[in-house]
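Residue-level structural notes
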Amino acid sequence: MASYTNYVMAQSLEEAYALNQKKSAVIVAGNMWLRMCGLRRQTAIDLSKLGLDAIEETQDAFIVGSMTSLRALETHEALNRETGGAFREALAPIVGTQFRRTATVGGSVYARFGFSDVSALLLALDAQVELYKRGVVPLEEYQRETWDRDILTHVRIPKGRRAGIASVRLSKTDFPVLVCAASTDGETLRLVMGARPARAMVVADGLRLTADLQDWEALAGSVPLGTNLRASEAYRRKIAPVLMQRAVQACLGGNEDDH
Amino acid sequence: MTIEFTLNGRPVTAQAHPADSLYDVLRALNIASVKCGCETTNCGLCTVHLNGKAVLSCSVPAPRVAGHEVVTLEGLQQEALALGACLADEGAEQCGFCAPGLMMNVLALARENPAATDAQIDAYLAGNLCRCTGYMSQRRAIRRYLDSLEVRA
Ligand SMILES: Cc1cc2nc3c(=O)[nH]c(=O)nc-3n(C[C@H](O)[C@H](O)[C@H](O)COP(=O)(O)OP(=O)(O)OC[C@H]3O[C@@H](n4cnc5c(N)ncnc54)[C@H](O)[C@@H]3O)c2cc1C
Ligand code: FES
Ligand code: FES
């Protein structure tokens, strides 16, 4: 069981940031993961009063507050129209509707879970993260870093790309065994593999739609994969080319049912 | 700490530790319908309505509930009776431990999408685990309940 001495409803980002500089503090977002960690901390910092739960559409991007729920992304019409329904497809397998109503995009991105469908899709879309002190950083860079004490305020999703995602799960609503996300600007493809079981990574970018898409085995063969309690490396190797092909098909518009 | 919120239409004042969840607070207030079936935020048994939306009370930080509206099965007696009768008629209650959480999510679905198809019902309720029924009897019961709303409307 977690234990906090104080629970602070932060009134400003500056206050949240200042409090979070102490190792004895922890940020509380959706609390879905955090509640299982059983942390003992002096100060829990709640971000829910900072207006970070809006999705703003600009000319060239969607600016998503870090406290936005997975359910809000899943059901956001303009975002799904822009990406070919990728958020609906990617997020619906995560636990359940009640869960996704309070799990946040900021908690998902900050935590950099190996099993994350969320990070895989956002990486495929070449998203950026906005940090309170550090400013805007490409997700691809942030995804490789270790956990710091800055506050993730927004995720920026650039417009102009459709995406598709495919995953294998041992049973519905479980963590994925392997995820592949693909996106296209109409001319080239960007491919991401997640739940390898290590963190999601970009495995190819700028692939030409016709010429470079012949040999899925070779493309998937270059991806570092490993073993965990859900699947062996050999099993992941076997399914990787198939998932790649399915994700690409989905992002090109042929959203085939995989079951 | 002291937390004031609305519970089933009435203002309440509760005492909580800073790391307590809404679930802890509700149990301390003797709300017996709300169950905890897991330590991993994924069974759905603790489902309640927060400002009209179904959430997992085990993961909602108690301090965050201050000033908000919480409804449990105790606050929805009429709907619970009608839905409960459908569940009983279809043999969808075995041990029954999962029922209050399931019912709270079905009642949320009935508000959000009363014309839900079977596939939409399955997707909406995927986060409500049941270890006894195998889900088919539950789905029949939910179908029956949603259809009965349509008839009344
Ligand atoms: C049972 C279970 C199953 C899951 N299955 C899947 C799955 O299949 N696919 C998938 O993609 N995900 C899955 N997840 C992960 C889930 O989607 C969320 O990513 C996760 O719960 C974290 O989000 P949260 O809002 O709950 O964050 P919290 O649990 O509140 O926080 C997580 C961490 O991030 C830090 N943090 C949160 N927000 C910020 C911020 N704005 N700035 C800085 N630090 C911050 C917190 O301090 C904490 O360390 C699962 C989680 C659980 C518990
Ligand atoms: S007790 Fe299992 S999800 Fe809340
Ligand atoms: S009836 Fe026993 S868990 Fe559902």
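Bear in mind the structure is a predicted one, so any value in this text is a computation, not a measurement. (Residues numbered from 1 in each chain as written. Chains lettered and ligands numbered in written order. Predicted model: local features only at pLDDT ≥ 70, side-chain atom pairs only at ≥ 80, totals over all residues. Heavy atoms only, no water.)

**Focus: the site of ligand 1**
Taken together, 35 residues form the shell around ligand 1, and within it I27(A), N31(A), T104(A), S108(A) and D117(A) come nearest. Two or more chains meet at ligand 1, and those chains are chains A and B. With respect to ligand 1, the backbone of A29(A) contributes an N or O atom lying 3.0 Å from an oxygen atom. When ligand 1 is considered free in solution it has 960 Å² of accessible area, and contact with the protein chains removes 95% of it. Listing elements by their share of the shell around ligand 1, those giving two or more residues are β2 (25-28), α2 (34-37), α7 (105-111) and α8 (117-124) of chain A. (Near = heavy atom within 4 Å. Polar contact = N/O pair within 3.5 Å; in protein donor to acceptor, adjacent residues only side chain to side chain. Areas by Shrake-Rupley, 256 points an atom, 1.4 Å probe, with all protein chains shown as cover. Helix = DSSP H or I, 4+ residues; strand = E, 2+ residues; numbered from the N terminus.)

**Brief notes about the domain arrangement of chain A**
Residues and elements named next belong to chain A. Assigned domains of chain A: these are domain 1 (3-50) and domain 2 (55-258). Here the C-alpha centroids of domain 1 and domain 2 sit 27 Å apart. Facing the 17 residues of domain 1 at the interface are 14 residues of domain 2. Roughly 1,400 Å² is buried in total at the junction of domain 1 and domain 2, and carbon and sulfur atoms are behind 72% of that figure. Area buried by domain 1 at its contact with domain 2 is led by Y17, M32 and W33, which between them contribute 40% of it. Summed over the shared surface of domain 1 and domain 2, the number is one salt bridge. (Domains from an automatic or database assignment. Contact = heavy atoms within 4.5 Å. Buried area = accessible area lost by both parts, 1.4 Å probe. Salt bridge = Lys/Arg side-chain N within 4 Å of Asp/Glu carboxyl O.)

**A short note on the nonpolar core**
By size, the foremost hydrophobic cluster in this structure holds 63 residues, and its most contacted members are F87(A), V109(A), L122(A), I157(A), F5(B) and V70(B). Of the residues forming this core, the biggest block, six residues, is contributed by α8(A). Among all residues touching V109(A), those that are not within four sequence positions of it are S119(A), L122(A), V129(A), L139(A), Y142(A), L152(A) and V155(A). Of all hydrophobic cores here, the second largest spans 26 residues; its members include V168(A), L213(A), A231(A) and I239(A). (Core = buried A, V, L, I, M, F, W, Y, C linked by side-chain atoms within 4.5 Å. Buried < 20%, exposed > 50% of the residue type's maximum accessible area, 1.4 Å probe, protein only.)

**Concerning the pattern of salt bridges**
Residues and elements named next belong to chain A. With the rule as written, the count across this model stands at 23 salt bridges over all chains. The partner of E141 in a salt bridge is R134, and the shortest N-O contact between them spans 3.5 Å. Of the residues examined, E141 reaches a relative accessible area of 36% and is grouped as partly exposed. With a relative accessible area of 38%, R134 lands in the partly exposed category.

**Looking at the sheet that holds strand β6 (residues 128-131) of chain A**
Residues and elements named next belong to chain A. Strand order in the open sheet made by the five strands is β4-β5-β8-β6-β7, with antiparallel pairing throughout. Looking along the sheet, the strands with just one partner apiece sit at the ends: β4 (55-57) and β7 (135-138). For this sheet, the mean angle separating the axes of adjacent strands, direction not counted, is 25°. Where β6 and β7 come together, four bridges link them in antiparallel fashion. Residue pairing for β7: V129 is matched across the bridge by V137. (Pairing = 2+ DSSP bridges. Axes fitted to C-alpha atoms, helices over the stretch in contact; angles between N-to-C directions.)

**What about the confidence of the model for chain A?**
Considering every residue of chain A, the mean pLDDT works out to 95; 98% of them sit at 70 or more. For residues 255-259 of chain A, every residue scores under 50 in pLDDT, and the model assigns this stretch five contacts once sequence neighbours within four places are set aside. (pLDDT = per-residue confidence, 0-100.)

**Structural notes on the pairing of strand β8 (residues 152-158) of chain A**
A regular strand places its side chains on the two faces of the sheet in alternate fashion. Residues and elements named next belong to chain A. As defined by bridge partners, strand β5 (residues 61-65) adjoins β8 across five bridges and the pair is classed as antiparallel. Considered in β8, the bridge of A61 is made with P158. Bridge count between β6 and β8: four bridges; the pairing is antiparallel. The residue bridging Q128 from the neighbouring strand is R156, located in β8.

**Considerations on the packing of helix α2 (residues 77-89) of chain B against helix α3 (residues 99-112) of chain B**
Residue and element names in this part refer to chain B. Relative orientation of the contacting elements α2 and α3 amounts to 110°, with a least axis distance of 11 Å. The orientation of α2 relative to α3 falls into the category roughly perpendicular. The segment α2 lies against α3, with E79, A80, L83, G84 and L87 engaging L102, M103, V106, L107 and R111. (Parallel < 35°, antiparallel > 145°, perpendicular 65-115°, else oblique.)

**Looking at the interface of chain A and chain B**
Often, the extent of an interface is quoted as the loss of accessible area upon association of its parts. Tallying the contact residues gives 27 residues for chain A and 27 residues for chain B. With both sides pooled, the region where chain A packs onto chain B buries about 2,100 Å², and carbon together with sulfur makes up 53% of that total. When the area that chain A buries against chain B is broken down by residue, the three leading residues are R35(A), Q98(A) and R101(A), summing to 32%. Of the charged contacts, one joins E112(B) and R101(A) as a salt bridge, the two residues approaching to 3.5 Å between their closest N and O atoms. Where chain A meets chain B, there are 15 residue pairs in polar contact (both at pLDDT 80 or more). Elements that contribute at least two residues to the side of chain A that touches chain B include exactly β1 (3-9), α2 and α6 (97-102) of chain A. The element contributing the most residues to the side of chain A that touches chain B is β1(A), with six residues. Grouping the amino acids of the side of chain A that touches chain B by side-chain chemistry returns 11 nonpolar, 11 polar and five charged. (Nonpolar A, V, L, I, M, F, W, Y, C, P; charged D, E, K, R; others polar.)

**Considerations on the domain arrangement of chain B**
Residues and elements named next belong to chain B. As assigned here, chain B comprises domain 1 (2-74) and domain 2 (76-152). The distance between the C-alpha centroids of domain 1 and domain 2 comes to 21 Å. Taken together, the 16 residues of domain 1 in the interface contact 17 residues of domain 2. In total, domain 1 and domain 2 occlude about 1,400 Å² of area from one another, counting both sides; carbon and sulfur atoms represent 64% of this. Three residues stand out in domain 1 for area buried against domain 2, namely L45, H49 and L73, and they jointly supply 43% of the buried area on that side. At the junction of domain 1 and domain 2, the tally comes to zero salt bridges. Where domain 1 packs against domain 2, one counts six residue pairs in polar contact (both at pLDDT 80 or more). Among the elements of the structure, β3 (47-50) and β4 (53-56) are those that each provide at least two residues to the side of domain 1 that touches domain 2.

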